[in-house]
Amino acid sequence: ANVIAARLGAEAATVRVGDVADSALERGRARAARGRLANIEYACADASDARALKGDGAPDVVVALHACGPLSDVAARHAAIHGASLAMVSCCYMKHREMKPLAGGMTAAEWLDVPAPMHEAGLRAAELQGDADVADVAMHSIAALRAAAVERDWPRGRKKPRLRVVRFPAAWSARNWCLLCEG
């Protein structure tokens, strides 16, 4: 987030960061202070609460890196309902299982429009350590379901988003599927 704030500059953007981990927020604030960044705000916030990071208005871009479990669904839905661009890399598909990822208590399976047992099977397959091919197909499939959900939730009357499911080299991370949305 600090890199994005520094690159864009205070004239172009305000970057808002939300996390429930105080230690992560403190590290981010310290880095921002060292970089003298005036255009970044850190808040202890539950990302599934759309009001938590609203600030002065809807986001133009949602960036979610290392978005564990349903945090990926939260980020994608925030982008969708606001008609914002999105850059998201999912990971740790089985983490934060207790989290209600979407406002109104909607589960991720409901948002993705798949039966809960099928969603669960896909998440488990994405976490397979002994079968990289199956995990790869599952991660791609989950990203594609998220892309379809973003398109369904996109604001009516706005130009449809350009959605892409892409990957970066596995040498960087085995969880290497990205969902990109140009709003």
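This one's a predicted model, so the numbers in the text were calculated from it and none came from an experiment.

Rules behind the numbers
- Residues numbered from 1 in each chain as written.
- Predicted model: local features only at pLDDT ≥ 70, side-chain atom pairs only at ≥ 80, totals over all residues.
- Heavy atoms only, no water.
- Pairing = 2+ DSSP bridges.
- Helix = DSSP H or I, 4+ residues; strand = E, 2+ residues; numbered from the N terminus.
- Axes fitted to C-alpha atoms, helices over the stretch in contact; angles between N-to-C directions.
- Parallel < 35°, antiparallel > 145°, perpendicular 65-115°, else oblique.
- Left-handed = near helix turned anticlockwise from the far one by under 90°.
- Contact = heavy atoms within 4.5 Å.
- Nonpolar A, V, L, I, M, F, W, Y, C, P; charged D, E, K, R; others polar.
- Expected span 1.5 Å × (residues − 1).
- Buried < 20%, exposed > 50% of the residue type's maximum accessible area, 1.4 Å probe, protein only.
- Arc of directions from axis to C-beta.
- Salt bridge = Lys/Arg side-chain N within 4 Å of Asp/Glu carboxyl O.

Peer 1: Even after reading the chapter, I still don't get the sheet that holds strand β4 (residues 85-91), so can you show me in this structure?
Peer 2: Strand pairing in a sheet relies on backbone hydrogen bonds. The paired strands run either parallel or antiparallel. Ordered in space as β3-β4-β6-β5, the 4 strands form an open sheet in which the pairing is mixed. Taken across any chain shown, the strands that pair with only one partner, and hence form the sheet edges, are β3 (61-68) and β5 (162-167). The mean angle between the axes of side-by-side strands here comes to 10°, regardless of whether they run parallel or antiparallel.

Peer 1: Looking at this model, I keep getting lost on the packing of helix α5 (residues 116-126) against helix α6 (residues 132-153). Mind explaining?
Peer 2: Relative placement of two packed helices is described by the angle separating their axes and the distance separating the axes. Between α5 and α6, the least distance of the axes is 7 Å, while the angle of their chain directions is 130°. In terms of orientation, α5 lies oblique with respect to α6. In this structure, the crossing between α5 and α6 has a hand that is left-handed. Seen from α5, the contacting residues are Gly122, Leu123, Ala125 and Ala126; seen from α6, they are Val134, Ala135, Ala138, Met139 and Ile142. Each residue belonging to the contact of α5 with α6 can be placed in one class, and the counts come to 8 nonpolar, 1 polar and no charged.

Peer 1: Hey, could you run me through the environment of Gly35 in this one?
Peer 2: Residue position: Gly35 is located in the loop between α2 (22-34) and β2 (40-44). It is 8.2 Å that separates the C-alpha atoms of Gly35 and Asn2, two residues lying 33 residues apart in sequence.

Peer 1: Explain α2 here, please?
Peer 2: A turn of α-helix holds 3.6 residues, and therefore any two residues three or four places apart point the same way. The first and last C-alpha atoms of α2 sit 18 Å apart over 13 residues, in line with the 18 Å expected at 1.5 Å per residue. Considered for burial, the residues of α2 that qualify are Leu25, Gly28 and Ala32. The buried side chains of α2 occupy one side of the element, clustering within an arc of 65° when seen end-on. Structural note: α2 exposes Asp22, Ala33 and Arg34 on the side pointing more than 90 degrees away from its buried face. In this fold, the buried residues of α2 make contact with α1 (2-8), β1 (15-19) and β2. Among the residues trailing α2, Arg36 stands out with phi positive, at a value near 55°.

Peer 1: Would you mind going over the pattern of salt bridges with me for this structure?
Peer 2: Oppositely charged side chains may form a pair once their charged atoms are brought near each other. Inspection of the entire model under this criterion finds 9 salt bridges. Residue Glu120 is joined to Arg124 by a salt bridge in which the shortest nitrogen-to-oxygen separation is 3.0 Å. Note that Glu120 and Arg124 are positioned in helix α5 at a spacing of 4 residues, about one turn of the helix. A salt bridge links Arg175 to Glu127, with the shortest nitrogen-to-oxygen separation between them at 3.4 Å. Here Glu127 lies in the loop between α5 and α6 and Arg175 lies in the loop between β5 and β6 (177-182), a separation of 48 residues in the sequence. Taking relative accessible area as the criterion, Arg175 reaches 14% and is therefore assigned buried. Residues joined in a network through salt bridges with shared partners are Arg162, Arg164 and Glu182.

Peer 1: Any chance you could explain the side chain of Asn176 here in plain terms?
Peer 2: In this fold, Asn176 is placed in the loop between β5 and β6. Judged by its relative accessible area of 2%, Asn176 is buried. What Asn176 contacts, discounting residues up to four positions off in sequence, is Asp136, Val166, Arg167, Phe168, Pro169 and Ala170.

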